[in-house]
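One-letter residues, chain by chain:
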Amino acid sequence: MRNTEIEHCDVMEIHEDLLKTVNEKMPDEEELYDLAELFKVFGDSTRIRILFVLFEAELCVCDLAEALHMTQSAVSHQLRILKQNKLVKSRREGKSVFYSLADGHVRTIIDQGREHIEED
């Protein structure tokens, strides 16, 4: 079991030079908000499952629903969120719409997350 006690300083001392560096590097509030919103998208295991399926192949909603044992409506709802956040893209082929990862960053984000949770 991990030690969850938060250690703190014994004295109150402000390190102005460090704070100056931190404040200079801090992104603006809009960027921080957008980043938090992006990570919220990854906070749903159904969306993570969809991304893992799309790691393997470009699929239509019918195939995704079958692979994940979900309804097409439920899959479509999650795909809409993923697409709005630029994590997946779609293309039409005849009467079918195929979905794939938007770019390589999606796999990188998931891979980094997996590495993190697997650390000792």
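Residues numbered from 1 in each chain as written. Predicted model: local features only at pLDDT ≥ 70, side-chain atom pairs only at ≥ 80, totals over all residues. Heavy atoms only, no water.

> What exactly am I supposed to notice about the pairing of strand E3 (residues 96-101) here?
For a regular strand, the rule is simple: side chains alternate between the two faces of the sheet. Inspection of the sheet shows strand E1 (residues 59-60) paired to E3 by two bridges, in the antiparallel sense. Each residue of the ladder has a partner; that of Cys60, found in E3, is Phe98. Two strands pair when backbone bridges link them, and strand E2 (residues 88-93) and E3 are joined in this way by six bridges, in the antiparallel orientation. Following the sheet pairing, Val88 is matched in E3 by Leu101. Here E2 folds back onto E3, and the loop between the two strands holds two residues, one of which, Gly94, carries a positive phi near 65°. (Pairing = 2+ DSSP bridges. Helix = DSSP H or I, 4+ residues; strand = E, 2+ residues; numbered from the N terminus.)

> Teacher, can you tell me more about the packing of aromatic side chains here?
A ring pair, where both rings are aromatic, is described by two values, the distance of the centres and the angle of the planes. Overall, the coordinates contain two aromatic pairs when judged by the stated rule. Relative to Phe42, the ring of Phe39 has its centre 6.3 Å away and its plane inclined at 45°; by these criteria the two rings are tilted. What makes Phe39 partly exposed here is its relative accessible area of 47%. Sitting over the face of the ring of Phe55, Arg107 holds its NZ or CZ atom 4.4 Å from the ring centroid. (Phe/Tyr/Trp six-rings, centres within 6.5 Å; stacked < 30°, edge-to-face > 60°. Buried < 20%, exposed > 50% of the residue type's maximum accessible area, 1.4 Å probe, protein only. Lys NZ or Arg CZ within 6 Å of the ring centre and 35° of its normal.)

> I would appreciate a short explanation of unusual backbone geometry in the present structure.
Excluding glycine, residues mostly carry a negative phi; peptide bonds, for their part, are mostly trans. If you check the backbone angles, His69 has positive phi at about 55° while not being a glycine. If you trace the backbone, His69 turns up in the loop between helix H4 (61-68) and helix H5 (72-84). Although it is not a glycine, Lys86 sits at a positive phi angle of roughly 60°. Within the secondary structure, Lys86 sits in the loop between H5 and E2.

> What is the right way to read the environment of Asp44 from this model?
Note that Asp44 resides in the loop between helix H2 (29-41) and helix H3 (45-56). On the accessibility criterion, Asp44 (22% relative accessible area) is partly exposed.

> Help me out: how do you make sense of the side chain of Arg47 in this one?
Its location among the elements puts Arg47 in helix H3. Of the side chains with opposite charge, Asp44 comes closest to the buried, unpaired Arg47, at an N-O distance of 4.1 Å. Looking at Arg47, its side chain comes within polar contact range of the side chain of Gln78, at 2.7 Å. Once residues within four sequence positions are removed from consideration, Arg47 is found in contact with Lys40, Val41, Gln78, Ile81 and Leu82. (Lys, Arg positive; Asp, Glu negative; His and termini not counted. Salt bridge = Lys/Arg side-chain N within 4 Å of Asp/Glu carboxyl O. Polar contact = N/O pair within 3.5 Å; in protein donor to acceptor, adjacent residues only side chain to side chain. Contact = heavy atoms within 4.5 Å.)

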